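Below are the chains, spelled out letter by letter.
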Amino acid sequence: MCLAIPGKIVEFHENQGVRMSKVDFGGITREACLEYIPDAKLGDYVMVHVGFAISKVDEEEAARTYQYLAELGQLTDINSPDIDTVEETPDEVP
Amino acid sequence: MKYLDEYRDQIIAEKLLDEIRRTVTRPWVIMEVCGGQTHSIVKYGLDYLLPPEIELVHGPGCPVCVTPLDMIDRAHAIARRPDVIFCSFGDMLRVPGSSGDLFQVRAAGGNVRIVYSPMDCLKIAQNNPDKKVVFFAIGFETTAPANAMAVFQAKALGLKNFSLLVSHVMVPPSITGILQSPNNRVQAFLGPGHVCAIMGWTEYEPIAARYKVPIAITGFEPVDLLEGILLTVRQLEQGRAEVENQYARAVTRDGLVAARRMIAQVFDIADRSWRGIGIIPKSGYKLNYAFRDHDADRIFQVENIRTREPEICISGQVLRGLKKPVDCPAFGTQCTPQTPLGATMVSAEGACAAYYNYGRHLVTVQVGA
């Protein structure tokens, strides 16, 4: 439950005032909130817990941790077929 | 590359084990606090690799496990309502309440959804203005800032149809509770790495000093755990009791200031009931008054909840490090992950489920042989 999965920030965006990003987890892309890691940059690797970045990691470490979580069967937070996907609300056009 | 990494890790692990063997001179009981750490220890059999003087006992840091039965029943009662979309992390769905689990509520027509992040619920609330969207906010300090942000945003956006059913708990009061128990056996702790990534470790310093227990904030990989064990064993042997940080790549002394600020803005500290343990004073969070319109406990006043735990279950003693899963007569027979009787079997991170999943009910291993 308290585990975090490492991924790479591939895109920034803002969603109704909240700093969000798209993070690539070994091919699966999910949204992650960056409010708590304000200095995160495009291309940085971050540990993500329930859709929130909670620390930065370096690339090598990220690869090792990802492989280890896969071995433990602990990647279900991002790749479980049970997760109900939410329809994207289109960005408001000003 | 994979081979090289594993090889490197194995060499480091062997060096750490040698160093632990050289350092230890007498028996010590060390508790790993976090369920993710327990899972890792049992999966890799780290407890079997340690010298016989070191006994690892498993702590209360499994949020799904310690969520009290009456809260689960409350969640089910809310999820059954036709005007509700009930959202949860996936691992809560299999947890049995007094009658069935959330999968069964869904099969009976309840609108129950598994979400990846609490922020997803905001979109669900926006897309379903005629429904009340409730998120089951469980977890420790690692998860609290995410849930806090979701409700903070809901209030800012005026999403009146979004609420949280809060059952948040905190690690430091549970450690204090274990240390104050008259039959406590724990002499040192491996602290929870990701909880401390958020909170830092300042709260742990007075605990280490007051109860004279070493605490090593520790990660989740085998090498992290062995290093954390070495740090605590060194302190125990030298008669020191400090907080040390093994997990420096993710944890700083002050944690994430913005996340702590958000927790403080949304939640008040409250007494919480822990499944298998009972009420621990000031051991969790509840929504503060400013967020009362988003508090599912206020919105849906569920009454007449009566629960009873099976008498045979020893999960309370397992959670406090007094007993091991294999000490329970129901373990692996009456009680399995498919038919859990108590807290520590309901989630894969619970000590009983970890023991069962890695076959410890099938074999007797000579520890330290």
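Residues numbered from 1 in each chain as written. Chains lettered and ligands numbered in written order. Predicted model: local features only at pLDDT ≥ 70, side-chain atom pairs only at ≥ 80, totals over all residues.

1. So, the overall build of chain B
Convention followed: Only DSSP runs of H or I with at least four residues qualify as helices, and only runs of E with at least two residues qualify as strands; both kinds are numbered from the N terminus onward. Atoms considered for the radius of gyration are the C-alpha atoms alone. The globule rule reads 2.2 Å times the number of residues to the power 0.38. Residues are scored as being in contact if the C-beta atoms we place from backbone atoms lie within 7 Å.
Counting secondary structure elements, chain B contains 17 helices and 11 strands. Compactness check: chain B gives a C-alpha radius of gyration of 21 Å against a globular reference of 21 Å for 369 residues, within 12% of the reference. Each principal axis of the C-alpha distribution contributes one length, and for chain B these read about 65 × 50 × 45 Å. Partitioning the contacts of chain B with sequence separation of at least 6, the portion at a separation of at least 24 is 78%.

2. Observations concerning the confidence of the model for chain B
Put simply, the test is: Residue-level confidence of the predictor is what pLDDT reports, using numbers from 0 through 100.
With 96% of its residues at a pLDDT of at least 70, chain B reaches an overall mean of 93. Both confidence scores are given for the complex: pTM 0.92, ipTM 0.91.

3. Some points on the pairing of strand S2 (residues 18-25) of chain A
Residues and elements named next belong to chain A. Short version of the rule: Two strands form a pair only when DSSP identifies at least two bridges running between them.
Where strand S1 (residues 5-15) and S2 come together, seven bridges link them in antiparallel fashion. When the sheet's bridge partners are listed, Glu 14 is paired in S2 with Arg 19. Linkage of S1 to S2, two consecutive antiparallel strands, is achieved through a turn of two residues, within which Gln 16 is found at a positive phi near 50°. Connecting S2 to the antiparallel partner strand S3 (residues 28-33) that follows it, the hairpin turn spans two residues, and Gly 26 within it adopts a positive phi of roughly 45°.

4. Quick look at the sheet that holds strand S8 (residues 215-218) of chain B
All names here are of chain B. Definition in use: In this analysis an axis means a line fitted to C-alpha atoms, helices contributing only their contacting stretch, and an angle means the value between N-to-C directions, from 0 to 180 degrees.
Spatial strand order, S2-S1-S7-S8-S9: five strands in an open sheet with parallel pairing. If you trace the sheet from one side to the other, it starts and ends with strand S2 (54-61) and strand S9 (243-245), each paired once. Here the average twist between neighbouring strands, direction ignored, is 25°. For strand S7 (residues 188-192) and S8, the ladder comprises four bridges, and the chain directions are parallel. In the strand pairing of S8, Phe 189 is matched with Ile 215. On the sheet, helix H2 (residues 35-44) packs against strand S1 (28-34), S2, S7 and S8 and is oriented at approximately 120° with respect to S1.

5. Considerations on the confidence of the model for chain A
Atom-level detail of predicted coordinates should not be read off regions where pLDDT is low. All names here are of chain A. Residues at a pLDDT of 70 or more form 90% of chain A, whose mean pLDDT is 86. For chain A, helix H2 (residues 76-79) is the element with the lowest average pLDDT, namely 76, and strand S4 (residues 45-49) is the one with the highest, namely 96. Here residues 90-94 is modelled with pLDDT under 50, and outside its nearest four sequence neighbours on either side it reaches zero contacts, counting other chains as well.

6. Let's talk about the interface of chain B and chain A
Keep this limit in mind: Each residue is assigned to one of three groups, with Ala, Val, Leu, Ile, Met, Phe, Trp, Tyr, Cys and Pro labelled nonpolar, Asp, Glu, Lys and Arg labelled charged, and all others, Gly among them, labelled polar.
Listed by partner, the interface residues are 47 residues for chain B and 34 residues for chain A. Breaking the side of chain B that touches chain A down by element, the ones donating at least two residues are helix H1 (2-23), H2, helix H4 (63-66), strand S4 (111-114), helix H7 (119-127), helix H8 (144-157), helix H10 (193-199) and helix H13 (257-266) of chain B. Broken down by element, the residue count for the side of chain B that touches chain A peaks at six residues, all from H7 of chain B. For the side of chain B that touches chain A, the class distribution of residues is 24 nonpolar, 13 polar and 10 charged.

7. Quick word on the environment of Val 346 of chain B
Residues and elements named next belong to chain B. Relative to the assigned elements, Val 346 resides in helix H16 (residues 343-346). In sequence terms Val 346 and Met 92 are 254 residues apart; their C-alpha atoms lie 9.0 Å from each other. For Val 346, the contacting residues outside a window of four places in its chain are Val 64, Cys 65, Val 95 and Pro 340.

8. So, the sheet that holds strand S3 (residues 84-88) of chain B
Residues and elements named next belong to chain B. Across the sheet, which stays open at both edges, the six strands sit in the order S4-S3-S5-S6-S11-S10 with mixed pairing between neighbours. Two strands bound the open sheet, and with one partner strand each, they are S4 and strand S10 (267-274). With direction set aside, neighbouring strand axes in the sheet form an average angle of 25°. As paired elements, strand S6 (residues 162-169) and strand S11 (residues 278-287) share two bridges and run antiparallel to each other.

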